[in-house]
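One-letter residues, chain by chain:
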Amino acid sequence: MAFVLIGFMGAGKSTAARELAAALETQPLDSDELLAERLGETVAQAFTTLGEAGFRAREEQLVLELLDAAEPEQVVALGGGSVTSAAVRERLGGHVVVLLEVSPQTAWERVRRQRGGDERPLARDRDAFTALHEGRMAVYEQLADAIVPERALGSAAGLTGALQGLRGAPRGTRLVWARAAGGQYPVFVGEGLLTEAGGGALQGLWPLDRSRSRAFCVSDETVAALYEPQLGELALTIALRPGEAHKTLSSAERVWQGLAEAGMTRADHIVALGGGVVGDVAGFCAATYQRGVPVVHVPTTLVAQVDSALGGKTGVDLPQAKNYVGAYHQPAGVLADPLALRTLPAGELAAGWVEVLKTALIAGGALWRSLAADEPVGAETILACARTKLAVVAADERDGGVRQVLNLGHTVGHAIEVVTGYGRYRHGEAVALGLLAALRLSGQEQLREQVRGLLLAHGLPVTLDGAGPDEVLAATRRDKKRLGGRVPFVLLRAPGEPVPGCEVQDSDVRAAIAELAA
Ligand SMILES: NC(=O)c1ccc[n+]([C@@H]2O[C@H](COP(=O)([O-])OP(=O)(O)OC[C@H]3O[C@@H](n4cnc5c(N)ncnc54)[C@H](O)[C@@H]3O)[C@@H](O)[C@H]2O)c1
């Protein structure tokens, strides 16, 4: 099982292959270089002299030879178009396939800067180049076991180990390498990671060396009873009472004191086993205990797998306002098993689906089409949501601008949670109402109706009970995103086109909330 790097031209596969091979102490192989040697001319020249079909036939032959002969630790970089061959795609099945992402802009600039770049037949026309990139990405994504963003390979400590871990992981496990200002880490999504008997799958992918760093588990009583034995040896388990009402400073204090009494040091790490409440509290304790220890998230709700375990936001609620005390603290790794959602009560699953819906509205494209068609949410959708969130966080870890789009529907949603005492609505249910308000404020009549229909089909609330519009409006003013007098809203121009930082009149916000309460 070799490591095979795929991706569009200009993704930097040759450089990445050299770096990865150096880390693995092997020699890299590069199909473009070997093909040029065999044909006695550059790849660009051969494309012209042989014609595309002739070129692809020679390329296919060489790549199949390479894949068949590759040694287990070998690193092979493939030419961007080689995956257009069905035989190559099939043969990739026996290897760990790593997609190196590159944006069409970066790819274009890099290819045009290369010597003879403007002569490359597929890089003459920018629009055609962009269209080719989009088409190819769909193929690469289907094939990839691991997805690595631009500029992450090489310098990324831990990536090599994560890729090696994939070889022993349950079939179908995928890795997304997360990159943010505060750290880089592996995100694994795989059926069986947590639920497979014995928990060996999870431990095989563990991002930290457990012989040197002891694991201290923070969970809640429900989740600990179900899954704690799967985590292997633990120095301690602290099980909080379940639910949002316990996302408090007193829970954090219980964790800090428990860790201190058990002698946890900075060489050790916390494991957050549970939903968003556990993840936020455990992450906050990890950010603050002895000024910061690593945390590994093992998310067990849909909310946590698609959203809260990723991106490093941690914290607790105050009675006055939600998530008011917290810190940014990127995890050491995230291990998500979609099969763990089988034990999740239906109401929790539906509430989690709202975060999927929110992500799809932000992402647009294939993810939105899948949600709009109400297709079932499985590992693929979880992975797509994770990638959307991670891409946003990579661009803006600390909510300075673009990350605010992730708050779509959350300003009113959080306000509803606060005024109803964190008990009446689940987080996702409150966000469902918040999304309807945000779509009203965005002037999206038709989309609002469509979303309302989807919410109803999932048994989610579309009307607000237990709070009046004035109370909710007042609570939005305490939103921690407030800058000066007003809370900036995220509005939506269309699926895939969120607009952060919008000024909205109080009277319009009140009307959008009153409509829910009607
Ligand atoms: N940090 C972030 O970026 C971020 C993003 C989104 C949401 N959040 C936060 O996440 C929280 C909501 O998370 P949540 O919806 O996961 O709630 P949760 O953690 O309260 O979990 C919901 C319930 O499901 C139970 N449960 C969890 N996993 C289970 C399983 N596999 N089987 C059976 N029962 C299970 C829990 O015990 C709990 O009762 C909110 O506090 C929200 O603010 C944070």
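Residue positions within a chain follow its written sequence, with the count starting from 1. Totals for whole chains, interfaces and linings use all residues, but because this is a predicted model, local features are given only for residues with pLDDT of at least 70 and pairs of side-chain atoms are given and counted only at 80 or more. The side-chain figures draw on all heavy atoms in the structure; neither hydrogens nor water molecules are used.

**A look at the overall build of the chain**
Part 1: To qualify as a helix, a DSSP run of H or I must reach at least 4 residues; to qualify as a strand, a run of E must reach at least 2; elements of each kind are numbered from the N terminus. The helix and strand tally for the chain stands at 20 helices and 16 strands.
Part 2: Using C-alpha atoms as the atom set, the radius of gyration is obtained and then compared with a globule rule of 2.2 Å times the number of residues to the power 0.38. What you see for the chain is a C-alpha radius of gyration of 24 Å, in line with the 24 Å of a compact globule of 518 residues.
Part 3: Along the three orthogonal principal directions, the C-alpha set of the chain runs to about 75 × 55 × 40 Å.
Part 4: Put simply, 71% of the contacts in the chain that link residues at least 6 apart link residues at least 24 apart.
Part 5: Per-residue accessibility takes into account occlusion by the displayed protein chains alone, with areas from the Shrake-Rupley method and a 1.4 Å probe. As displayed, the chain offers around 21,000 Å² of accessible surface, 49% of which is attributable to carbon and sulfur atoms.
Part 6: Residues scored as positive are Lys and Arg, those scored as negative are Asp and Glu, and His as well as the terminal groups of each chain are ignored. Charge positions are represented by NZ for Lys, CZ for Arg, CG for Asp and CD for Glu. Computing the positive centroid from 50 side-chain charges and the negative centroid from 61, the chain places the two 3 Å apart. We call two residues in contact whenever any of their non-hydrogen atoms come within 4.5 Å of each other.

**Side note on the pattern of salt bridges**
Any two side chains of opposite charge can pair, on the condition that their charged atoms come close.
Part 1: Each reported salt bridge corresponds to a side-chain nitrogen of Lys or Arg within 4 Å of a carboxyl oxygen of Asp or Glu. Taken as a whole, this structure holds 29 salt bridges when the rule is applied.
Part 2: Among the ionic pairs, Glu 73 bridges to Arg 167, the shortest N-O distance being 2.5 Å. Taken together, the positions of Glu 73 in the loop between α3 (43-69) and β3 (75-77) and Arg 167 in the loop between α7 (159-166) and β6 (174-180) put the pair 94 residues apart, joining distant regions of the chain.
Part 3: The cut-offs for exposure are 20% and 50% of the maximum accessible area for each residue type, with area from a 1.4 Å probe on protein chains only; residues under the lower value are buried, those over the upper are exposed, and the others partly exposed. Residue class for Arg 167 comes out partly exposed when judged on its relative accessible area of 26%.
Part 4: For Arg 387, the salt bridge goes to Glu 101, with nearest N and O atoms at 2.6 Å. A residue pair is termed long-range when its members are at least 10 positions apart, and Arg 387 in helix α15 (residues 379-395) and Glu 101 in the loop between β4 (96-100) and α5 (104-113) qualify at 286 residues.

**Details of the site of the ligand**
Part 1: Near the ligand lie 29 residues; those nearest to it are Asp 220, Glu 244, Gly 276, Thr 300 and Thr 301.
Part 2: Pairing of N or O atoms within 3.5 Å defines a polar contact, subject to two protein rules: one partner must be a possible hydrogen donor and the other a possible acceptor, and residues neighboring in sequence count only if both atoms are side-chain atoms. Interatomic distance of 2.7 Å between a side-chain N/O atom of Asp 220 and an oxygen atom of the ligand.
Part 3: In this structure, a nitrogen atom belonging to the ligand sits 2.8 Å away from a side-chain N or O atom of Thr 300.
Part 4: Relative to its free-state accessible area of 860 Å², the ligand is covered by the protein chains to the extent of 92%.
Part 5: If you list the elements that add at least two residues to the shell around the ligand, you get α9 (221-227), α11 (276-288), α12 (302-308) and α13 (346-363).
Part 6: In terms of residues, the shell around the ligand owes the most to one element, α9, which gives four residues. Any residue with at least one heavy atom within 4 Å of a molecule or strand is counted as near it.

**What to know about the environment of Ala 107**
Part 1: For Ala 107, the location among the structural elements is in helix α5.
Part 2: Taking the C-alpha atoms as reference, Ala 107 lies 20 Å from Val 97; in sequence the two are ten residues apart.
Part 3: Those residues in contact with Ala 107, other than ones at most four positions away along the chain, are Phe 8, Met 9, Gly 10, Val 102 and Phe 129.

**Details of the packing of aromatic side chains**
Two aromatic rings, taken as a pair, are described by how far apart their centres are and by the angle between their planes.
Part 1: Stacked, edge-to-face and tilted are the three classes for Phe, Tyr and Trp ring pairs, Trp counted by its six-membered ring, which pair at centre distances within 6.5 Å; planes under 30 degrees apart are stacked, over 60 edge-to-face, the rest tilted. Under the criterion given, the structure shown has four aromatic pairs.
Part 2: Judged by centre distance (5.2 Å) and plane angle (55°), the rings of Phe 47 and Phe 55 are tilted.
Part 3: Its relative accessible area of 12% is what places Phe 47 among the buried residues.
Part 4: A ring pair is formed by Trp 256 and Phe 284, whose centres lie 5.8 Å apart and whose planes are at 55°; its orientation type is tilted. A residue pair is termed long-range when its members are at least 10 positions apart, and Trp 256 in helix α10 (residues 249-261) and Phe 284 in helix α11 qualify at 28 residues.
Part 5: With a relative accessible area of 25%, Trp 256 lands in the partly exposed category.
Part 6: Among the aromatic residues, those joined into a cluster by ring pairs are Phe 8, Trp 108 and Phe 129.

**Brief notes about the pairing of β6**
Part 1: Along β6, six of the seven residues are buried, which leaves the element largely enclosed by surrounding structure.
Part 2: Bridging between strand β5 (residues 146-148) and β6 involves two bridges; their strand directions are parallel. Note that in β6 the partner of Ile 147 across the bridge is Val 176.
Part 3: Summarising the sheet, β6 and strand β7 (residues 183-189) pair through seven bridges and their orientation is antiparallel. Strand pairing requires that DSSP identify at least two bridges connecting the strands.

**Quick look at the pairing of β7**
Part 1: Judged by how many residues are buried, β7 sits mostly within the fold: five of seven residues are covered.
Part 2: The turn linking β6 back onto β7 is made up of two residues.
Part 3: Note: β7 against strand β14 (residues 333-336), three bridges, orientation parallel. Residue pairing in the sheet places Val 187 in a bridge with Val 334 of β14.

**Notes on the sheet that holds strand β1 (residues 3-6)**
Part 1: Taken in spatial order, the twelve strands of this open sheet run β2-β3-β1-β4-β5-β6-β7-β14-β11-β10-β8-β9, and their pairing is mixed. Edge strands, defined here as strands with exactly one partner in the open sheet, are β2 (28-30) and β9 (236-240). Each neighbouring strand pair of the sheet contributes to a mean axis angle of 20°, computed without reference to strand direction.
Part 2: Of the pairings in the sheet, the one linking β2 to β3 comprises three bridges and is parallel in character. Across the sheet, Pro 28 pairs through a bridge with Val 75, a residue of β3.
Part 3: Note on definitions: angles span 0 to 180 degrees between N-to-C directions of axes, and those axes are lines fitted to C-alpha atoms, for helices only across the stretch in contact. With respect to the sheet, helix α2 (residues 31-39) is in contact with β2 and β3, its orientation differing from that of β2 by roughly 60°.

**Section: helix α16 (residues 410-419)**
Part 1: Most of α16 is tucked away: nine of the ten residues are buried.
Part 2: Buried residues in α16 make contact with α13, α17 (427-441), α19 (469-476), β15 (489-494) and α20 (506-517).

**Comments concerning unusual backbone geometry**
Part 1: We note that Arg 291 has phi near 60°; this positive angle belongs to a residue other than glycine.
Part 2: With respect to the element layout, Arg 291 can be found in the loop between α11 and β11 (295-299).

**Focus: the packing of α13 against helix α14 (residues 365-372)**
The relative placement of two packed helices is expressed as an angle between their axes plus a distance between the axes.
Part 1: Their axes nearest at 7 Å, the elements α13 and α14 cross at an angle of 135°. One element, α13, and the other, α14, form an angle in the oblique class. Here α13 runs over α14; the crossing is left-handed. For the pair formed by α13 and α14, the contact residues are Trp 353, Val 356, Leu 357, Thr 359, Ala 360, Leu 361 and Ala 363 on the first element and Gly 365, Leu 367, Trp 368 and Leu 371 on the second.
Part 2: Class assignment for the residues of the contact of α13 with α14 results in nine nonpolar, two polar and no charged. Our angle categories are set so that under 35 degrees counts as roughly parallel, over 145 as roughly antiparallel, 65 to 115 as roughly perpendicular, and the remainder as oblique. If you view the pair so one helix is near and one far, a crossing is left-handed when the near helix is turned anticlockwise from the far one by less than a right angle, and right-handed when it is turned clockwise. All amino acids are sorted into three groups, where Ala, Val, Leu, Ile, Met, Phe, Trp, Tyr, Cys and Pro are nonpolar, Asp, Glu, Lys and Arg are charged, and the leftover types, Gly among them, are polar.

Interpretation note: all reported values are geometric properties and have no functional meaning in isolation.
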